[in-house]
Amino acid sequence: MAESRLETVDMFINMGPQHPSTHGVFRMVLTIDGEQIVDMKPHIGYLHRGVEKLAEGLRYREVTVLLDRTDYLAALNNELPYVMALEKLLDVKVPERAEYIRVLVCELNRIASHLMFYGAFGADAGATTPFMYAFRDREEIQHFFEAVTGGRLMHNYFRVGGVRYDLPEDWRERLTKLIPHLRKGIVDCERLLSDNEIFLNRTIGVGQISAADAIDYGLTGPNLRACGVRLDLRRDQPYSVYPKLEFDVPTRSRGDCYDRYLLRVEEMRQSLRIVEQCLEQMPDGPSLGEVPRVIRPKEGEVYVGTENPRGEYGIYLVSRGGDYPYRVKVRAPSFCNLMALNEMMRGCYIADCVLILGSIDIVLGEVDR
Amino acid sequence: MLGMLKGLMTTMQSHFRKPVTIQYPDERPDLPPRYAGFPGLIWDANVGEPFCTGCQVCARFCPTQCIYVTMKDNPKVGDGTSKRRKIVDEFELNVSCCTQCAVCVEVCNFDAIEMTHTFEMASYSREQVMNLQDMLSMKEKGGP
Ligand code: SF4
Ligand code: SF4
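The sections below set out a description of the structure shown in this document. (Residues numbered from 1 in each chain as written. Chains lettered and ligands numbered in written order. Predicted model: local features only at pLDDT ≥ 70, side-chain atom pairs only at ≥ 80, totals over all residues. Heavy atoms only, no water.)

Now for the overall build of chain B. Of regular secondary structure, chain B possesses four helices and six strands. Counting across all 144 residues of chain B, residues that qualify as buried make up 38%. Residue pairs in contact within chain B that sit at least 24 positions apart in sequence constitute 68% of those at least 6 positions apart. Carbon together with sulfur atoms contributes 55% to the accessible area of chain B, which is approximately 9,200 Å² in total. (Helix = DSSP H or I, 4+ residues; strand = E, 2+ residues; numbered from the N terminus. Buried < 20%, exposed > 50% of the residue type's maximum accessible area, 1.4 Å probe, protein only. Contact = heavy atoms within 4.5 Å. Areas by Shrake-Rupley, 256 points an atom, 1.4 Å probe, with all protein chains shown as cover.)

Secondary structure summary: chain A contains 15 helices and eight strands in total. The principal-axis extents of the C-alpha atoms in chain A amount to approximately 80 × 45 × 35 Å. In chain A, which comprises 369 residues, the proportion classed as buried is 60%. Here the contacts in chain A between residues at least 6 apart in sequence split such that 72% fall between residues at least 24 apart. With an accessible surface of roughly 14,600 Å², chain A has 53% of that area assigned to carbon and sulfur atoms.

Residue and element names in this part refer to chain A. Ordered in space as 1-2-3, the three strands form an open sheet in which the pairing is antiparallel. Sheet topology places strand 1 (11-15) and strand 3 (36-43) at the edges, where each strand pairs with a single neighbour. Between one strand axis and the next, the sheet turns by 20° as a mean value, whatever way the strands run. Bridge count for strand 2 (residues 27-33) against strand 3 is seven bridges, and the pairing is antiparallel. Directly across from threonine 31, in strand 3, lies its bridge partner aspartate 39. (Pairing = 2+ DSSP bridges. Axes fitted to C-alpha atoms, helices over the stretch in contact; angles between N-to-C directions.)

Lining the immediate surroundings of ligand 2 are 15 residues, of which Cys62(B), Cys98(B), Thr99(B), Cys101(B) and Cys104(B) lie closest. Class assignment for the residues of the shell around ligand 2 results in 12 nonpolar, three polar and no charged. (Near = heavy atom within 4 Å. Nonpolar A, V, L, I, M, F, W, Y, C, P; charged D, E, K, R; others polar.)

This paragraph deals with the pattern of salt bridges. Residues and elements named next belong to chain A. For the structure shown, the criterion picks out 39 salt bridges over all chains. A salt bridge links arginine 97 to aspartate 166; the shortest N-O distance between them is 3.0 Å. Of this pair, arginine 97 sits in helix 4 (residues 96-124) while aspartate 166 sits in the loop between strand 5 (162-163) and helix 6 (171-193), placing them 69 residues apart in sequence. Take arginine 97: its relative accessible area is 9%, and that puts it in the buried class. Ionic contacts of the salt-bridge type, sharing partners, join the residues Glu107, Arg110, Arg225, Asp232, Arg234, Glu267 and Glu307 into one network. (Salt bridge = Lys/Arg side-chain N within 4 Å of Asp/Glu carboxyl O.)

For the rest of this paragraph, the subject is the sheet that holds strand 7 (residues 311-319) of chain A. All names here are of chain A. One open sheet accounts for three strands, arranged 6-7-8; its pairing is antiparallel. On the outer flanks of this sheet lie strand 6 (300-308) and strand 8 (327-331), each paired with one strand and no other. Averaged over all pairs of adjacent strands, the angle between their axes in this sheet comes to 15°, without regard to strand direction. Examined bridge by bridge, strand 6 and strand 7 share nine bridges and lie antiparallel to one another. Along strand 7, the bridge assignment pairs asparagine 308 with glycine 311.

Moving on, we come to the site of ligand 1. Surveying the vicinity of ligand 1 reveals the residues Cys52(B), Thr53(B), Gly54(B), Cys55(B), Gln56(B), Val57(B), Cys58(B), Cys108(B), Phe110(B) and Ile113(B). Of the residues that constitute the shell around ligand 1, the class distribution is seven nonpolar, three polar and no charged.

Tallying the contact residues gives 27 residues for chain B and 28 residues for chain A. In this assembly, chain B packs against chain A so that about 2,400 Å² is buried in total across both faces, 50% of it on carbon and sulfur atoms. At the boundary of chain B and chain A, one finds three salt bridges. With a closest N to O distance of 2.5 Å, Arg159(A) and Glu106(B) form a salt bridge. At the boundary of chain B with chain A, the tally comes to eight residue pairs in polar contact (both at pLDDT 80 or more). At the level of secondary structure, the elements contributing two or more residues to the side of chain B that touches chain A comprise helix 1 (2-13), helix 2 (57-61) and helix 3 (103-107) of chain B. The element best represented in the side of chain B that touches chain A is helix 1 of chain B, accounting for eight residues. Of the residues belonging to the side of chain B that touches chain A, the class tally is 14 nonpolar, eight polar and five charged. (Buried area = accessible area lost by both parts, 1.4 Å probe. Polar contact = N/O pair within 3.5 Å; in protein donor to acceptor, adjacent residues only side chain to side chain.)

Here we come to the packing of helix 4 of chain A against helix 6 of chain A. Residue and element names in this part refer to chain A. Close contact between helix 4 and helix 6 brings their axes to 12 Å; oriented N to C, the two are set at 30°. In terms of orientation, helix 4 and helix 6 fall into the roughly parallel class. In the crossing of helix 4 with helix 6, the sense of the turn from one axis to the other is left-handed. Listed contacts from helix 6 to Arg97, Leu104, Leu108, Ile111, Leu115, Tyr118 and Gly122 of helix 4 are Trp171, Leu175, Leu178, Leu182, Cys189, Glu190, Leu192 and Leu193. Each residue belonging to the contact of helix 4 with helix 6 can be placed in one class, and the counts come to 12 nonpolar, one polar and two charged. (Parallel < 35°, antiparallel > 145°, perpendicular 65-115°, else oblique. Left-handed = near helix turned anticlockwise from the far one by under 90°.)

Residue and element names in this part refer to chain A. The topology assignment puts arginine 260 in helix 11 (residues 257-281). For arginine 260, which is buried and forms no salt bridge, the nearest opposite charge comes from aspartate 256, at a distance of 6.6 Å. Reaching out from arginine 260, the side chain makes a polar contact with the backbone oxygen of glycine 207 at a distance of 2.9 Å. Of the polar contacts made by the side chain of arginine 260, one reaches the backbone oxygen of glycine 255; its length is 3.2 Å. (Lys, Arg positive; Asp, Glu negative; His and termini not counted.)

Turning next to the environment of Val249(A). Residues and elements named next belong to chain A. With respect to the helices, strands and loops of the structure, valine 249 is situated in the loop between helix 10 (233-236) and helix 11. Taking relative accessible area as the criterion, valine 249 reaches 4% and is therefore assigned buried. When the C-alpha positions of valine 249 and glutamine 208 are compared, they lie 21 Å apart, and in sequence the two are 41 residues distant.

As a further point, take the side chain of Arg138(A). Residue and element names in this part refer to chain A. For arginine 138, the location among the structural elements is in helix 5 (residues 129-149). Of the side chains bearing the opposite charge, glutamate 139 lies closest to the buried arginine 138, which forms no salt bridge; the N-O distance is 5.9 Å. In contact with arginine 138, not counting residues within four places along its chain, are Leu73, Ala112, Leu115, Met116 and Leu153.

A few words now on the layout of surface pockets. Its volume calculated, the largest pocket comes out at about 1,200 Å³. Lining the largest pocket we find 36 residues, and of these Glu139(A), Glu140(A), His143(A), Val20(B) and Thr21(B) sit closest to its centre. Counting only elements with at least two residues in the lining of the largest pocket, the list comes to helix 5 and helix 6 of chain A together with helix 1 of chain B. Ranked by residues supplied to the lining of the largest pocket, first place goes to helix 5 of chain A with 10 residues. Split by residue class, the lining of the largest pocket holds 13 nonpolar, nine polar and 14 charged. (1 Å grid on protein atoms, 1.4 Å probe; cavity = no way out; pocket = protein on both sides within 12 Å on 5 of 7 lines; lining within 4 Å. Points joined across faces, edges and corners; volume = space filled by probe spheres on them.)

Functional significance is not addressed by these values, which are geometric in nature.
As structure tokens, this is what we get:
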């Protein structure tokens, strides 16, 4: 500024990787002008374990173990595209009961994941109480998973041609108890945050992104739907038994933090609807289809994308014959969503950057893989 | 103001319900039968030896390669008390890198290994973690 003869320089702030609200190990370098963010550079890779490469050294059946550990908040949702891809390569039929079980646990996992978002997002905004409520309800889902899959977070439950175990004998009682509990939990959640004036002031209009930009950046899942684009792979590229189930795909229009938050709360309700329908329609039959003892798919490649709580989680699987996959490529939704962060943050205040990061709901395990 | 009051009302309600927190470790969690802790070998009480034949299938399939098994000739075959010609000699499980994925249970052809309900692995040193396996292995099954 020659006129005022005062030289101003932008300041850099390094945030993370040990910052508690970066949801893992994520570093961003913020360029700030006073209180405003001018630019943001994400630095990722702190949690890189080479999952895709490791998968090439494991037999087909064991790869699900690794995929659990990419998006660890929605592990079952990650196993689904992989087993579906493998089933496509092998031409294996999945019994209907297995499909229903898969959808049931996937939707419960979606609710658990969104509850985690809800709790963490409240904490990001400075409200710690919602966190406790979210975890209380998430724990109930976790208990159900313990009884069904044996694991709390890492399930390793889906198999080629079905699921590992059938549902336990008392699953109906457990689920009929769980559903009203969750329904009440979601109401509690909404009452705690959705109308809170402080929360509204902090989130409305913050971190906005337009629908066109969102599509350009390749956003998927709730982040895209919050901008008003009605894209949900469960409805638009139906897989498994989703065509037989009734559910709405909610959208919002503004594409700010508040919309992203509200949309996920609404999605929990829709997932609960799906869970209820699964409980009603669950057919009898085997939970594991006819599968060859040794899995050795023919040469070929296949891509399957499914709707993860964070967006499109896709698996690109290449087989060159043999016992081991030639390539397992993961299309990670959090990774793509994270790239739009710069666009959302530019022009916002530095106090909001934690909130915006929280609102896109990333899981670093899946960003870095 | 109204929104905040609504939130306050919700938190007030929690005064009138039962607590949900389990006071671990005084209270133990109620684990369902399928709960997968660390894997452990099963003891065949009828014969007085483990089911495991030391075939090493689990060691080969374990994604983290944390199992080490060796096999020996079964001394009990000679006097006819056991039908297993080979038996496990050493079975070592590195608990610190087991991911509790249950692959070993799935691939075992002799149903000799199962996921136990042991989940506590905190200890003061690395050696102690390795030694946890003594505690894990050999759950009895069968019997007279
Ligand atoms: S536990 Fe089963 S798979 Fe492993 S060595 Fe023993 S018999 Fe073989
Ligand atoms: S549970 Fe998984 S990681 Fe642990 S010993 Fe068995 S196969 Fe290996």
